[in-house]
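# Fold and geometry: a report
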Amino acid sequence: MREIAVVAFTQSHHSGEDLGLAEIEMLAPVITGIKEKTGLKQFGFTCSGSCDYLAGAPFSFVSALDAVGAWPPISESHVEMDAAWALYEAWVKLLHGEIDTALVYGFGKSSQGELRTILTQQLDPYHLAPLGIDQVSLAALQARAYMERSGAKEDDLRAVAARSRASGRDNPFALHLPEPGDGDDGGYDVAPLHPYDVAPITDGAAAIVLAAGDKARELCERPAWITGIDHRTEAHAPGVRDLTRSDATRIAGEKAGAAGVEVAELHAQFSHEELILREALGLGDDVTVNPSGGALSANPMMAAGLIRIGEAAARIHDGTASRALGHASSGPCLQQNLVCVLSGEANE
Amino acid sequence: MPSNTGPSNTGPNHVLEFPGGYTRSVGPVIGRFLSDLRDGRLVGVRTADGRVLVPPSEYDPDTGEDVTDEFVEVGPVGTVTTWSWVPRPAKEHPLDRPFAWALIRPDGADTALLHALDLGVFEEGADPPKFLKTGMRVRPRWRAERTGGIGDIECFLPEVTLINAPTRLEYSLKGGQALGRFLEGISQGKILGHRCPVCEQVIVPMKGLCPRDGVPTTEEVELPDTGTVTTFAVNNIPDPRAPEVPFVSGYVLLDGAGLTMLTLVAGVPADQVRMGMRVKAAWRPREEWERSMGNIKWFEPIDEPDVPFEEIKDFM
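Here the structure is a predicted model, which means the values were calculated and not measured. (Residues numbered from 1 in each chain as written. Chains lettered and ligands numbered in written order. Predicted model: local features only at pLDDT ≥ 70, side-chain atom pairs only at ≥ 80, totals over all residues.)

## So, the overall build of chain B
- Along the backbone of chain B there are 3 helices and 16 strands.
- For 316 residues, the compact-globule estimate of 2.2 N^0.38 gives 20 Å, and chain B exceeds it by more than 25% at 34 Å.
- In terms of overall dimensions, chain B has a C-alpha envelope of 95 × 60 × 40 Å along the principal axes.
- The proportion of buried residues among the 316 residues of chain B is 28%.
- In chain B, the proportion of contacts linking residues at least 24 apart, taken out of those at least 6 apart, comes to 52%. (Helix = DSSP H or I, 4+ residues; strand = E, 2+ residues; numbered from the N terminus. Rg over C-alpha atoms; globule rule 2.2 N^0.38 Å. Buried ≥ 20, exposed ≤ 12 C-beta atoms within 10 Å, placed from the backbone. Contact = placed C-beta atoms within 7 Å.)

## Looking at the overall build of chain A
- Broken down by element type, chain A carries 11 helices and 10 strands.
- A compact globule built from 348 residues would reach a C-alpha radius of gyration of about 20 Å, and chain A, at 19 Å, matches this within 12%.
- Residues classed as buried in chain A amount to 59% of the 348 residues present.
- In chain A, of all internal contacts separated by at least 6 residues, the share reaching a separation of at least 24 is 80%.

## Overview of the sheet that holds strand β10 (residues 202-203) of chain B
- Pairing in this open sheet of 3 strands is antiparallel, and the strands run β10-β9-β11 (chain B) from one edge to the other. Each edge of the sheet is formed by a strand with only one pairing partner; in this case those strands are β10 and β11 (219-223) of chain B. (Pairing = 2+ DSSP bridges.)

## Some points on the interface of chain A and chain B
- Counting residues at the interface gives 29 residues for chain A and 34 residues for chain B.
- The element best represented in the side of chain A that touches chain B is helix α6 (residues 135-150) of chain A, accounting for 6 residues.
- Of the residues in the side of chain A that touches chain B, the class split is 17 nonpolar, 9 polar and 3 charged. (Nonpolar A, V, L, I, M, F, W, Y, C, P; charged D, E, K, R; others polar.)

## Considering the sheet that holds strand β2 (residues 52-53) of chain B
All names here are of chain B.
- The strand order β2-β1-β3 describes an open sheet built from 3 strands, whose pairing is antiparallel. Sheet topology places β2 and β3 (71-74) at the edges, where each strand pairs with a single neighbour.
- As judged from the 2 bridges shared by strand β1 (residues 42-46) and β2, these two strands associate in the antiparallel manner. What sits directly across from Val45, in β2, is Leu53.
- Contacting β1 and β3, helix α1 (residues 27-38) runs over the sheet at an angle of about 155° to β1. (Axes fitted to C-alpha atoms, helices over the stretch in contact; angles between N-to-C directions.)

## What to know about the nonpolar core
- Ranked by size, the top nonpolar core spans 160 residues in total, and within it Leu87(A), Val104(A) and Leu210(A) carry the most contacts.
- Looking at which element gives the most residues to this core, the answer is helix α4 (residues 83-95) of chain A, with 9 residues.
- If near-sequence neighbours (up to four positions away) are discounted, Leu210(A) is found in contact with Ile4(A), Ala5(A), Val6(A), Val7(A), Leu87(A), Ala90(A), Trp91(A), Leu94(A), Thr101(A), Ala102(A) and Val104(A).
- Judged by nonpolar contacts, the second largest core, of 27 residues, contains Ile191(B), Val248(B), Val252(B) and Ala266(B). (Core = buried A, V, L, I, M, F, W, Y, C linked by C-beta atoms within 7 Å.)

## A few points about helix α11 (residues 304-317) of chain A
Residues and elements named next belong to chain A.
- The terminal C-alpha atoms of α11, which comprises 14 residues, lie 19 Å apart, in line with the 20 Å expected from a rise of 1.5 Å per residue.
- Counting buried positions along α11 yields 14 of 14 residues, so the element is predominantly enclosed.
- Looking one or two places after α11, you find Gly319, whose phi comes out positive at around 80°. (Expected span 1.5 Å × (residues − 1).)

## Focus: the pairing of strand β5 (residues 203-212) of chain A
Residue and element names in this part refer to chain A.
- Within β5, 10 of the 10 residues are buried, which leaves the element mostly enclosed by the surrounding structure.
- Every second residue of β5 is oriented toward a common face, with Asp203, Ala205, Ala207, Val209 and Ala211 on one face and Gly204, Ala206, Ile208, Leu210 and Ala212 on the other, all of them buried.
- Relative to β5, strand β1 (residues 4-11) runs antiparallel, the two sharing 7 bridges. Within β5, the position partnered with Phe9 by the bridge is Ile208.
- Bridge analysis of strand β4 (residues 101-109) against β5 gives 9 bridges, and the strand direction is antiparallel. By the bridge assignment, Leu103 is partnered in β5 with Val209.

## Points about α4(A)
All names here are of chain A.
- If you check α4, its first and last C-alpha atoms are 18 Å apart, about what 13 residues at 1.5 Å a residue would give, namely 18 Å.
- With 10 of 13 residues buried, α4 lies mostly within the body of the structure.
- Inspection of α4 places Ala83, Ala84, Trp85, Ala86, Leu87, Tyr88, Glu89, Ala90, Trp91 and Leu94 among the buried residues, and these make up the whole buried set.
- Remark: Gly97 follows α4 within two positions and exhibits a positive phi of approximately 90°.

## Looking at the pairing of strand β7 (residues 137-142) of chain B
Residues and elements named next belong to chain B.
- Pairing between strand β4 (residues 78-86) and β7: 2 bridges, direction antiparallel. Residue Thr79 lies in a different strand from β7, and its bridge partner there is Arg137.
- Sheet topology places β7 next to strand β8 (residues 153-158); 5 bridges connect them, and they run antiparallel. Note on β8: the bridge partner recorded for Arg141 is Cys155.

## Examining the environment of Leu42(B)
All names here are of chain B.
- Assignment of secondary structure puts Leu42 in strand β1.
- A C-alpha to C-alpha distance of 66 Å links Leu42 and Gly180, two positions 138 residues apart in sequence.
- Apart from the residues lying within four places of it in its own chain, the contact partners of Leu42 are Asp36, Val54, Glu73, Val74, Gly75, Pro76 and Pro106.

## Things to note about unusual backbone geometry
- Cis geometry is found at the peptide bond from Ala191(A) to Pro192(A), where omega equals 10°.
- Mapped onto the elements, Pro192(A) comes out in the loop between α7 (154-169) and β5.
- For the bond running from Val54(B) to Pro55(B), omega is -5°, close enough to zero to count as cis.
- Here Pro55(B) shows up in the loop between β2 and β3.

What follows is the structure, encoded as structure tokens:
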């Protein structure tokens with residue numbers, strides 16, 4: 001199989017409030033930055049992940065292409081998903097062998113609307129969406145189920161949030177959030193979740209360049225080789241799932257070869273999700289989880305999963321890890337999960 | 001889809017809406033479920049391996065195989081399998097006061113249905129009530145006017161586990177002559193008792209006989225309105241006579257009396273009331289006095305040393 005690596009990663013300085021930038025104004029510096037980093041002006045393939053509902057405008061992803069420079073026409077695709085799935089599409093395209101480089105990017109401005117209500121629109125339109133149930137209420141159902149099965153307490157969730165926020169304060173790109181409980185009344189958002197258990201509303205963008213074989217070695221001193229990548233989905237209806245576990249993540253992790261990673265960047269948008277994901281991936285205490293602060297410190301929709309792969313790759317690039325894992329999730333209650341395992345050594 | 005991209009501080013300047021709502025075909029399986037909902041019934045569909053899916057889907061989520069064409073009536077009672085609690089409902093939510101979301105497995109079904117669970121009236125921001133638990137038994141509250149949608153169930157309600165029975169009986173009581181004389185004293189700000197001719201203890205309020213010796217009593221004695229708390233209880237159920245919750249009811253042994261009176265003890269935090277504490281009656285203003293023990297609101301501490309236990313141990 002063709003050797004494919006993450007050779008560059010850039011992201012915006014994410015913001016917890018609307019800075020008055022249009023999406024393309026938020027995205028353009030990230031694209032410019034990754035072109036400068038790689039010295040590439042054109043890519044064999046470009047693939048993006050975004051969600052038109054965030055801006056409330058159909059085909060808003062098309063106008064974002066202006067940031068890439070799409071004329072004369074380029075080979076391009078888009079997924080209405082987190083850009084981690086755009087990366088998957090680009091990886092498949094590179095496997096075909098016709099191109100050597102691919103640009104992947106994702107962006108989202110959640111500050112423009114009511115994110116938790118917007119996400120109601122992704123639900124089953126017959127049984128769920130008409131009830132008006134929102135993203136956080138659904139996550140809280142999973143948190144309750146997980147806590148009752150595992151014995152985890154609210155303090156265990158709070159510890160995840162505290163560690164994530166502390167790491168996030170060391171990450172120049174993340175939001176710098178206070179210790180859990182500072183400045184709030186100690187009440188619930190949707191019980192059993194407290195406000196700090198819920199990823200913050202975030203505007204931001206990120207980009208990754210993938211390259212194959214010698215092109216990757218040419219572009220990057222220490223490429224982060226994708227040694228395994230897989231994505232799986234749970235059953236559609238929350239009422240038929242075992243919400244206390246993430247089998248989709250477990251299977252994706254097994255297929256991608258997650259065992260033995262030193263660092264894991266998990267796309268946990270709620271504190272309890274990290275605990276479910278750790279269990280599904282079999283991560284022990286010796287694995288460093290979310291050194292970037294994770295989505296609990298910055299959660300630009302449609303980019304936050306790609307950022308997990310980018311942050312994991314960055315640990316390979318800078319030599320602090322030899323095997324790292326990036327995880328992305330989409331849909332309610334960890335509905336769909338992608339696991340990407342990266343290594344300083346390409347597969348034999 | 002009108003849009004105005006200028007700055008706005010007064011709500012949205014852009015709305016994404018499908019006028020009149022979006023029409024969807026539901027197909028025969030979901031259509032059957034929704035039609036039964038309109039009739040006030042919950043149905044599931046049986047899979048090839050015998051499980052019952054509620055809400056039904058066209059396929060078995062485990063195998064992807066077609067389900068059978070057998071529909072099964074389930075519930076309407078079901079069991080909560082997990083829940084979340086919304087202390088501050090959003091405008092899109094089905095209730096405008098704190099409520100729970102729950103996954104509910106109807107009796108006879110193998111999967112769970114998501115819906116709102118109404119647990120009664122709570123103030124905005126309230127924590128989840130203690131009785132909200134996984135395993136709780138609930139049933140739907142149907143709308144009177146049903147249209148064939150998941151909202152035909154307004155919400156779920158807990159099964160009835162308690163009733164609240166009104167209790168009220170009306171009387172015209174006369175307290176008897178001795179008590180009448182006692183209240184006459186109270187109406188003048190005096191606490192009267194009788195001295196027993198046999199044991200010489202003062203009985204207050206007097207009953208016209210000595211409960212110890214069983215002999216009539218007639219000798220009136222006026223007692224001071226000071227005394228000693230011999231024992232007490234802290235009450236957490238509100239009472240219209242008490243100033244607040246928690247309040248303290250106690251036995252007070254009036255100075256010179258041979259038995260205790262049951263009264264309220266106030267003017268001191270409940271956790272600072274002591275056996276042996278010295279107290280004095282707190283009278284209502286004179287203009288409010290009636291022939292009623294209500295003239296004494298309660299007993300309040302006075303600045304005197306506590307009475308040793310030995311001296312009150314026979315008056316509990």
